[in-house]
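Structural characterization, general
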Amino acid sequence: ILDSNNKIKSIREQKGISQEGIALELGISQSAYAKIESQKVKITVDKLLQIAKILEYPLSDLVCGDKSHRKHCCKETCEMFKQTVLLYEKRIEDLKHQIYLLKKAPIINKRQ
């Protein structure tokens with residue numbers, strides 16, 4: 001995914017989009033976005049998906065680049081996405097359990 005940082009910058013510049021513009025759509029500061037492009041912070045899958053959407057650029061091309069690199073890259077990327085999905089599924093289950101517990105909890109009327 002490190003190569004995708006450089007690709008993001010290149011595509012953003014080709015499309016005439018400023019760092020501020022993308023940062024605004026991501027809900028982060030321009031300086032935080034600049035750190036993504038300069039590889040000073042690790043980009044999350046969520047941010048990568050959002051950036052691909054903002055740039056209107058296929059995620060697979062953004063992450064994997066040219067076809068010669070794609071086979072190896074896609075294996076690594078698929079594994080990363082599988083791990084991300086597992087984390088989200090676990091989080092969803094945890095939230096469902098919390099909702100269940102909250103629905104069963106007695107309601108305390110604080111106005112008495």
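In this report, the structure presented in the accompanying data block is examined. (Residues numbered from 1 in each chain as written. Predicted model: local features only at pLDDT ≥ 70, side-chain atom pairs only at ≥ 80, totals over all residues. Heavy atoms only, no water.)

Let's talk about the packing of helix 2 (residues 19-26) against helix 3 (residues 30-37)
Using the following cut-off: Only the stretch in contact is used when a helix axis is fitted, and all axes are lines through C-alpha atoms; the angle between N-to-C directions ranges over 0 to 180 degrees. For the purposes of this entry, the term helix denotes a DSSP run of H or I that reaches at least four residues, the term strand denotes a run of E that reaches at least two, and both are numbered from the N terminus. In what follows, roughly perpendicular refers to angles from 65 to 115 degrees, roughly parallel to angles under 35, roughly antiparallel to angles over 145, and oblique to any angle outside these ranges. Contact definition: two residues touch when any of their heavy atoms are within 4.5 Å.
Direction vectors running N to C along helix 2 and helix 3 enclose 105 degrees, while the axes themselves pass 8 Å from each other. Compared by their axis directions, helix 2 and helix 3 come out roughly perpendicular. Of the residues in helix 3, those touching helix 2 at Gln19, Glu20, Ile22, Ala23 and Leu26 are Gln30, Tyr33, Ala34 and Glu37.

Details of the nonpolar core
Convention followed: The nonpolar core is taken to be a set of buried Ala, Val, Leu, Ile, Met, Phe, Trp, Tyr and Cys residues, with the residues joined through side-chain atoms within 4.5 Å. A simple rule labels every residue: compare its accessible area, found with a 1.4 Å probe on the protein chains alone, to the largest value its type can have, and call it buried under 20%, exposed over 50%, or partly exposed in between.
In terms of nonpolar packing, the biggest core is built from 16 residues, with Ile8, Ile22, Tyr33 and Ile51 touching the most fellow members. Mapped by element, the contributors of at least two residues to this core are helix 1 (2-14), helix 2, helix 3, helix 4 (45-55) and helix 5 (59-64). The dominant element in this core, judged by the number of residues it contributes, is helix 4, at 5 residues. With near-sequence residues (within four places) excluded, isoleucine 22 lies in contact with Arg12, Ile17, Tyr33, Ile51, Ile54 and Leu55.

Quick look at the side chain of arginine 12
Within the element layout of this structure, arginine 12 appears in helix 1. Look at arginine 12 and you get buried, because its relative accessible area is 7%. What arginine 12 contacts, discounting residues up to four positions off in sequence, is Ile17, Ser18, Gln19, Ile22, Tyr33, Glu37 and Leu55.

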